[in-house]
Amino acid sequence: MTSNVSEALGYEQARDELIEVVRRLEVGGTTLEESLALWERGEELAKVCRQWLEGARKRLDAALAGEEAEEAGDREEG
């Protein structure tokens, strides 16, 4: 489960922090404990990003469905 701090992050903030976490893991030089903590934080940030993207997809789908319904209504009236 994500923490309240992660839930408050915007998509761009979470993405940017995730990029930094991945960079630090790729560079190496961290202890096993630090690497595990970074990996866990990366998983948490990835979840936040997925939630934002899923929400955006739902909004787009709803908007497109509304447009299709309007167009269908216009065709019926015309």
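Everything numeric here is computed off the predicted structure, so don't read it as measured data.

Caption draft 1: Representation of the overall build of the protein chain in the model. When you go through the protein chain residue by residue, the secondary structure sums to three helices and zero strands. Starting at the N terminus, the α and β elements of the protein chain follow one another as α-α-α. Every one of the 78 residues in the protein chain was classed for burial, and the buried ones make up 17%. Long-range pairs, those at least 24 residues apart, make up 74% of the contacts in the protein chain between residues at least 6 apart in sequence.

Caption draft 2: Structural context of helix 2 (residues 11-27). In this model, helix 2 (17 residues) spans 24 Å end to end at C-alpha, consistent with the 24 Å of a helix rising 1.5 Å per residue. Count one or two residues on from helix 2 and you reach Gly28, which has phi positive near 80°.

Caption draft 3: The arrangement of the nonpolar core in detail. Ranked by size, the top nonpolar core spans seven residues in total: Leu9, Ala14, Val21, Leu38, Leu45, Val48 and Cys49. For this core, the secondary-structure elements that each account for two or more residues are helix 2 and helix 3 (32-77). Looking at which element gives the most residues to this core, the answer is helix 3, with four residues. In contact with Cys49, not counting residues within four places along its chain, are Tyr11, Ala14 and Arg15.

Caption draft 4: Up close: the packing of helix 2 against helix 3. Where helix 2 meets helix 3, the axes come as close as 9 Å, and the angle between the chain directions of the two elements is 150°. Judged by the angle between their axes, helix 2 and helix 3 are roughly antiparallel. Here helix 2 runs over helix 3; the crossing is left-handed. Here helix 2 contributes Tyr11, Ala14, Arg15, Glu17, Leu18, Val21, Arg24 and Leu25 to the contact with helix 3, which in turn contributes Ser35, Leu38, Trp39, Arg41, Gly42, Leu45, Ala46, Val48, Cys49, Trp52 and Leu53. A breakdown of the residues in the contact of helix 2 with helix 3 according to their chemical character gives 13 nonpolar, two polar and four charged.

Each value, and the rule that gives it
Residues numbered from 1 in each chain as written. Predicted model: local features only at pLDDT ≥ 70, side-chain atom pairs only at ≥ 80, totals over all residues. Heavy atoms only, no water. Helix = DSSP H or I, 4+ residues; strand = E, 2+ residues; numbered from the N terminus. Buried < 20%, exposed > 50% of the residue type's maximum accessible area, 1.4 Å probe, protein only. Contact = heavy atoms within 4.5 Å. Expected span 1.5 Å × (residues − 1). Core = buried A, V, L, I, M, F, W, Y, C linked by side-chain atoms within 4.5 Å. Axes fitted to C-alpha atoms, helices over the stretch in contact; angles between N-to-C directions. Parallel < 35°, antiparallel > 145°, perpendicular 65-115°, else oblique. Left-handed = near helix turned anticlockwise from the far one by under 90°. Nonpolar A, V, L, I, M, F, W, Y, C, P; charged D, E, K, R; others polar.

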